[in-house]
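# Summary of structural features
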Amino acid sequence: MGSSLSANINLPFQPEELDEDEDIYSNYESSALYRMLPANAKEYVAQSPHLLEYLQMFPVNLYGIPLFFSELKRDLKSMENPNVIYPVNEFTFIHIFPDQDDVRNYYIPIEPSFLHSVSDAMPLIEKKLIDLIDVLEEDPVTEEERKEVLKRVLKEVVYIKKPEESYASLTGETDGNTGVKDKIVHFLNTDFTAKKETTELAGSKIPQTEDGRVILTLAEYRSIEYLLIRDKIEMGILNPFLADPYNEDITCDGVGPIFVEHKIFKGLKSAVGFKYSEEIDNFVIKLAERIKKPITFRNPIVDATLPDGSRINIVYGTEISKNGSNFTIRKFSEEPASILQLIEWKTTDYMVAGYLWICIEFGMSLFVSGETASGKTTTLNAITTFIAPESKIVTIEDTPELTVPHKNWTRQVSKGKGKGEGEGSDITMFDLLRAALRQRPNYILVGEIRGSEGAVAFGAMQTGHPVMSTFHAASVEKLIQRLCSEPINIPMTHVDNLNLVIIQSAVRRPSGDTVRRMLSINELVGYDPDTHGFSFVAVFVWNPVTDEFDFPGRGSSYILESKIATLLGVPENKRSEMYFEVEKRAKILQRLHKAGYTGFWDLYHMTTKVKKQGLLKIEF
């Protein structure tokens, strides 16, 4: 059956005692608390009764009924003491709960298994399942097939007790003292530990029918079904975190809680965590096995991709991580952010987007540069919409993160140590980049340029293959320094094969919020042999006072006037009209935004239509 991935849950409040005899699953409408809930919360409870069990345990008299949202809007960022619940899928909800003594509030996943102790019955059920699965003739291959088999076999080994039935009648025992009631967890302070009154896998008794099926209440059955799928097939305790579309980063620093960086409520500490370094060590070993990237003392660091596309870094063992093993997950979004969403978030504006549209359409090479977590990959992904729709694109990455909307897209991923099938099987980004040059792409996208692949990228630019990539440098000067130093070693005279550099950063606003902004869009002009310096022009600059973008390059853009205008054969006396083209595209984006084509795919389809209709044609 495989190993389970588990941790502890520590609630940040003193839970209320629950009525053990109340059957919420079949009679939730009779609950006084249910009648007090808003309409949308009642709908959630009808689908997921365990949510009402959580609310009955939550001290409503002290903190009030949480606010329920089907989706979170960005204006909730200003909420000072959030007491908010929202769904992340049909089974799981997230409760954001305030901490008056800390800048980080609490993040509490509410799952079907949250309140019902099934830990004692689980080993017996697992044993029965293994016996049945071993004799199955079918061999499920996909995740969905494995789930269906697990659900079907589980139904064969359990009996779901009806509310009116007694354990004695089901087990064939006549002594009324031997029955076992469905027992909801009793909490000890804020430590979430659960023990059933009578258990026996090595000594006491798990109630079973006379034909050997394990007797469960409906709540226990749903809990076990959820846990089996979550822990044996999916990602265990990480499921709620990965299912939450508002999470950007998930971090465990070792012993202690799991932390999340949330798109709306910023830094949060989870109720889920690890008490001992042995727990976290075992967890990361099982996690690494689950993603087929085994971790050992000899190979204690793993970089990998989770099944949903998220990036994970694992560091194993107390020798190199004194607080215990740790891991960090950078969440993957199924639909990348579009340039219009970046405009909504004020990362950029329409004029900048219009300018980038022209530059990318006409094959300018571009780097998005900035510090870690400045949103470089998000921006690079968003501007792929501007690549001409008929283009052939090759992406080269060490961990797949880029999503390109074009149909003619070749996606290549490097194969480093631990990814190959033996000695000599490593395929580096350098190898992939060289191979890409033989594939006649219109654009090459590189996940991040760090080393020797930089020289090949500049070689590609010199031979007329436009390249876009991310780069780790906080300014144009630093970027040029790094390009011309070890290990990239680009000659200074070759740097101007790169046309544009977007400098992006995570900046703190007066409100205290950290936001991502394009600080400047810079055109690289060329190397001056007299001064041994490199000249570049900032065509757009973010103004921190107004939180808007200035356009100092209007009337002096080297790329618009000398590069693109020359490509188009524009006479010198009309080159200033290129700036009207920027404005025209900015207005097109504005109209598309107003019409609601905000999503990544929708915007790409609409910009393709706009081009087909001839609205982007530049005529002089």
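Just so you know, these numbers come straight off a predicted model, no measurement behind them.

Scanning the chain from terminus to terminus reveals 20 helices and 23 strands. Per-residue burial over the chain gives 52% buried out of 620 residues. A sequence separation of at least 24 residues applies to 61% of the contacts in the chain between residues at least 6 apart. Roughly 28,900 Å² of accessible area belongs to the chain as shown, and the carbon and sulfur atoms make up 49% of that amount.

Here we come to the packing of aromatic side chains. One pass over the full model with this rule turns up 22 aromatic pairs. Between the aromatic rings of F13 and Y54, the centroid separation amounts to 6.4 Å while the plane-to-plane angle is 70°, which identifies the pairing as edge-to-face. In this pair, F13 is assigned in the loop between β1 (8-10) and α1 (24-27) and Y54 in helix α4 (residues 50-57), connecting sequence segments 41 residues apart. With relative accessibility at 2%, the residue F13 sits in the buried group. What makes Y54 buried here is its relative accessible area of 0%. Three or more aromatic residues joined by ring pairs form one cluster here, namely F13, Y54, F58, Y63, F97 and Y106.

This brings us to the packing of helix α13 (residues 350-361) against helix α18 (residues 558-568). Running from N to C, α13 and α18 cross one another at 25°; their axes reach a closest spacing of 11 Å. The orientation of α13 with respect to α18, classified from their angle, is roughly parallel. With respect to the hand of their crossing, α13 and α18 are arranged in left-handed fashion. Two secondary-structure elements touch here, α13 through Y355, I358 and C359 and α18 through I559, L560 and I564.

Before going further, it helps to spend a moment on the nonpolar core. L51, Y86, L238, I258, I312, I314 and F327 are the most contacted members of the largest nonpolar core, which totals 63 residues. Counting residues in each nonpolar core, the second largest holds 56 residues, with L342, I393, V539 and L603 among its members.

Let us now look at the sheet that holds strand β20 (residues 500-508). Pairing is mixed in the open sheet, where nine strands are placed in the order β17-β16-β18-β19-β15-β20-β21-β22-β23. On the outer flanks of this sheet lie β17 (409-413) and β23 (548-550), each paired with one strand and no other. Strand-to-strand twist across the sheet, computed as the mean angle between neighbouring axes with direction ignored, equals 20°. Relative to strand β19 (residues 467-471), strand β18 (residues 443-446) runs parallel, the two being bridged by three bridges.

On to the pattern of salt bridges. According to the stated counting rule, one finds 24 salt bridges in the structure shown. With its nearest N and O atoms 2.7 Å apart, the salt bridge here joins D102 to K269. Note that D102 is positioned in the loop between β4 (93-97) and β5 (105-110) and K269 in strand β11 (residues 266-274), a separation of 167 residues in sequence. Looking at D102, the relative accessible area reads 33%, which means it is partly exposed. For E401, the salt bridge goes to R311, with nearest N and O atoms at 2.7 Å. Of the two residues, E401 sits in the loop between β16 (393-397) and β17 while R311 sits in strand β13 (residues 311-315), which places them 90 residues apart along the sequence.

Rules of the game
Residues numbered from 1 in each chain as written. Predicted model: local features only at pLDDT ≥ 70, side-chain atom pairs only at ≥ 80, totals over all residues. Heavy atoms only, no water. Helix = DSSP H or I, 4+ residues; strand = E, 2+ residues; numbered from the N terminus. Buried < 20%, exposed > 50% of the residue type's maximum accessible area, 1.4 Å probe, protein only. Contact = heavy atoms within 4.5 Å. Areas by Shrake-Rupley, 256 points an atom, 1.4 Å probe, with all protein chains shown as cover. Phe/Tyr/Trp six-rings, centres within 6.5 Å; stacked < 30°, edge-to-face > 60°. Axes fitted to C-alpha atoms, helices over the stretch in contact; angles between N-to-C directions. Parallel < 35°, antiparallel > 145°, perpendicular 65-115°, else oblique. Left-handed = near helix turned anticlockwise from the far one by under 90°. Core = buried A, V, L, I, M, F, W, Y, C linked by side-chain atoms within 4.5 Å. Pairing = 2+ DSSP bridges. Salt bridge = Lys/Arg side-chain N within 4 Å of Asp/Glu carboxyl O.

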